[in-house]
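Listed below, chain by chain, are the residues.
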2 protein chains.
Amino acid sequence: MILKLDLSSDIPLYQQIRNQIVLAVGKGELKPGESLPTVRQLASDIGVNSMTVNKAYALLKSEGYLLIDRRKGAQVCPLKEEHVGPDADFMEKLTLLAAEATAKGLTKEVFLAACKQAAEKMSQKEE
Amino acid sequence: MILKLDLSSDIPLYQQIRNQIVLAVGKGELKPGESLPTVRQLASDIGVNSMTVNKAYALLKSEGYLLIDRRKGAQVCPLKEEHVGPDADFMEKLTLLAAEATAKGLTKEVFLAACKQAAEKMSQKEE
DNA sequence: TATATGTATTATAATTCGTAATACAAACAA
DNA sequence: TTGTTTGTATTACGAATTATAATACATATA
């Protein structure tokens, strides 16, 4: 797994690791059910402390992105069969982003075009 | 100005203040050119230290949302006349959000419907 | 002349972040 | 069995961040 970390960023390392894994899952580079490197392996690969990776994995587990099993290790959570909608936390983040765009002078059309562009970088679930 | 702060949140107070002001500007509750409360006034209103408010104002200024003038105080930045597009930082945040949605099992259609819903809470610039 | 403004400085306490060194039970391979 | 690896928990440490507090300053305004 290839993760790009920015040591000079003000975003905590465990958050950067979490974001990169979410991006990889969203883009389909990590598929549902696929296993992730072990905590110690990933820590060694990217040159950080294993507890930092553990914190990222625990966060991803609590957010519902990963299943962690002592036998199978950490793996990407299988997609739900039924259709799921956005939760409150997601809408809050999205609304803040829409406000930032609007306050910066982006029209609704430009904002929605950007959303569409972002969505098209993601992998689509097969029906 | 009404700001909702959550003291038990893990989001820093100055960030919460910044977010609330961006939301107010995006929704049109604060209009371009409109004056904001003074640092000391807002600090007194919401019961935080004035340096905490100052930090939020300085952040908003550095992000281009506010103009701060010693004569006029802090005011909402007037909208640019020309059409503006999304910058790299905005697209990065949007892409992460799209990845979170996709990893959670939201289809592209559901994600874009949520984006449209968020956009419609915002005020539209008059042409 | 007073007052109010944004801003800068310094200090202090609490919390967070990253690392480090262990330790443990569970699972697996030999 | 024995040995290794797994996720996880604990404790400690230093550095950075966060929030508050008490001032101070030059500028602008009444």
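All of these numbers come straight from a predicted model, not from anything done at the bench.

Asks: Outline the overall build of chain A, supporting the account with residue identities and numerical values.
Replies: Counting its regular elements, chain A contains five helices and two strands. Based on the C-alpha atoms only, the size of chain A along its principal axes is roughly 50 × 40 × 25 Å. Out of the 127 residues in chain A, the part that is buried amounts to 39%. Relative to all contacts within chain A whose residues are 6 or more apart in sequence, the contacts with residues 24 or more apart total 55%. Counting only carbon and sulfur atoms, one obtains 51% of the accessible surface of chain A, whose full area is about 7400 Å². Each charge class in chain A can be summarised by its mean position, and for the 17 positive and 17 negative side chains these summaries are 4 Å apart.

Asks: Lay out the packing of helix 5 (residues 108-119) of chain A against helix 4 (residues 88-103) of chain B with the relevant residues and their values.
Replies: Running from N to C, helix 5 of chain A and helix 4 of chain B cross one another at 55 degrees; their axes reach a closest spacing of 9 Å. Between helix 5 of chain A and helix 4 of chain B, the interaxial angle falls into the category oblique. By crossing handedness, the relation of helix 5 of chain A to helix 4 of chain B is classed as right-handed. Residues F111(A), A114(A), C115(A), Q117(A), A118(A) and A119(A) of helix 5 of chain A form the contact with helix 4 of chain B, whose own contacting residues are F90(B), M91(B), L94(B), T95(B) and A98(B). For the contact of helix 5 of chain A with helix 4 of chain B, the residue count by class is nine nonpolar, two polar and no charged.

Asks: Give a detailed account of the nonpolar core, specifying residues and quantitative values.
Replies: Across soluble globular proteins, nonpolar side chains have a tendency to be buried as a group. Membership of the largest hydrophobic core comes to 74 residues, with the highest contact counts inside it found for F90(A), I17(B) and F90(B). Discounting residues that sit within four places of it in the chain, I17(B) has contacts with L3(B), L5(B), L42(B), I46(B), V48(B), T52(B), V53(B) and A56(B).

Asks: Which residues make up the protein's contact with DNA strand C, and what values do they have?
Replies: In the vicinity of DNA strand C lie 19 residues, with P12(A), L13(A), T52(A), R71(A) and T38(B) positioned nearest. Among the atoms of DNA strand C close to the protein, meaning within 4 Å, 62% are from sugar or phosphate groups. Within the side chain of R40(A), a nitrogen or oxygen atom sits 3.4 Å from a base nitrogen of DNA strand C. For DNA strand C, a phosphate oxygen lies 3.1 Å from a polar atom in the backbone of V39(B). For the surface near DNA strand C, the elements supplying multiple residues, two or more each, are helix 1 (13-27) and helix 3 (50-62) of chain A together with helix 2 (39-46) and helix 3 (50-62) of chain B.

Asks: Describe the relation of the copies chain A and chain B, with residues and values.
Replies: Note on the identical chains: chain A maps onto chain B by a rotation of 180 degrees and an axial translation of 0.0 Å, with an RMSD of 0.1 Å. As the rotation angle and translation indicate, the two copies are arranged about a two-fold axis. Minimal C-alpha distance to the rotation axis in chain A is attained by C115(A), lying at 3.5 Å. Both copies contact each other with a shared surface, as 98% of the interface residues of chain A are interface residues in chain B too.

Asks: How would you summarise the interface of chain A and chain B if you had to cite specific residues and measurements?
Replies: Contact residues are listed per partner, giving 47 residues for chain A and 46 residues for chain B. Across the interface of chain A and chain B, roughly 4400 Å² is buried in total on both sides, 73% from carbon and sulfur atoms. The largest share of the area that chain A buries against chain B comes from F90(A), L97(A) and K104(A), three residues that together contribute 12% of it. Our count for the chain A to chain B interface comes out at six salt bridges. Close ionic contact of K108(B) with E120(A) constitutes a salt bridge, the shortest N to O distance being 3.8 Å. Run the count over chain A and chain B and you get eight residue pairs in polar contact (both at pLDDT 80 or more). Contributing elements (two or more residues each) for the side of chain A that touches chain B: helix 1, helix 4 (88-103) and helix 5 of chain A.

Asks: Explain helix 3 of chain A to me, and be specific about the residues and the numbers.
Replies: Residue and element names in this part refer to chain A. Helix length check: helix 3 (13 residues) gives 18 Å between terminal C-alpha atoms against 18 Å at 1.5 Å per residue, within 8%. Among the residues of helix 3, V53, A56, Y57 and L60 are the ones counted as buried. For helix 3, the angular spread of the buried residues around the axis is 95 degrees, confining them to a single face. Among the exposed residues of helix 3, those pointing more than 90 degrees away from its buried face are M51 and S62. Packed against the buried residues of helix 3 are helix 1, helix 2 (39-46), strand 1 (66-69) and strand 2 (73-76).

Rules used throughout
Residues numbered from 1 in each chain as written. Chains lettered and ligands numbered in written order. Predicted model: local features only at pLDDT ≥ 70, side-chain atom pairs only at ≥ 80, totals over all residues. Heavy atoms only, no water. Helix = DSSP H or I, 4+ residues; strand = E, 2+ residues; numbered from the N terminus. Buried < 20%, exposed > 50% of the residue type's maximum accessible area, 1.4 Å probe, protein only. Contact = heavy atoms within 4.5 Å. Areas by Shrake-Rupley, 256 points an atom, 1.4 Å probe, with all protein chains shown as cover. Lys, Arg positive; Asp, Glu negative; His and termini not counted. Charge placed at Lys NZ, Arg CZ, Asp CG, Glu CD. Axes fitted to C-alpha atoms, helices over the stretch in contact; angles between N-to-C directions. Parallel < 35°, antiparallel > 145°, perpendicular 65-115°, else oblique. Left-handed = near helix turned anticlockwise from the far one by under 90°. Nonpolar A, V, L, I, M, F, W, Y, C, P; charged D, E, K, R; others polar. Core = buried A, V, L, I, M, F, W, Y, C linked by side-chain atoms within 4.5 Å. Near = heavy atom within 4 Å. Polar contact = N/O pair within 3.5 Å; in protein donor to acceptor, adjacent residues only side chain to side chain. Least-squares fit on C-alpha atoms with pLDDT ≥ 70 in both. Buried area = accessible area lost by both parts, 1.4 Å probe. Salt bridge = Lys/Arg side-chain N within 4 Å of Asp/Glu carboxyl O. Expected span 1.5 Å × (residues − 1). Arc of directions from axis to C-beta.

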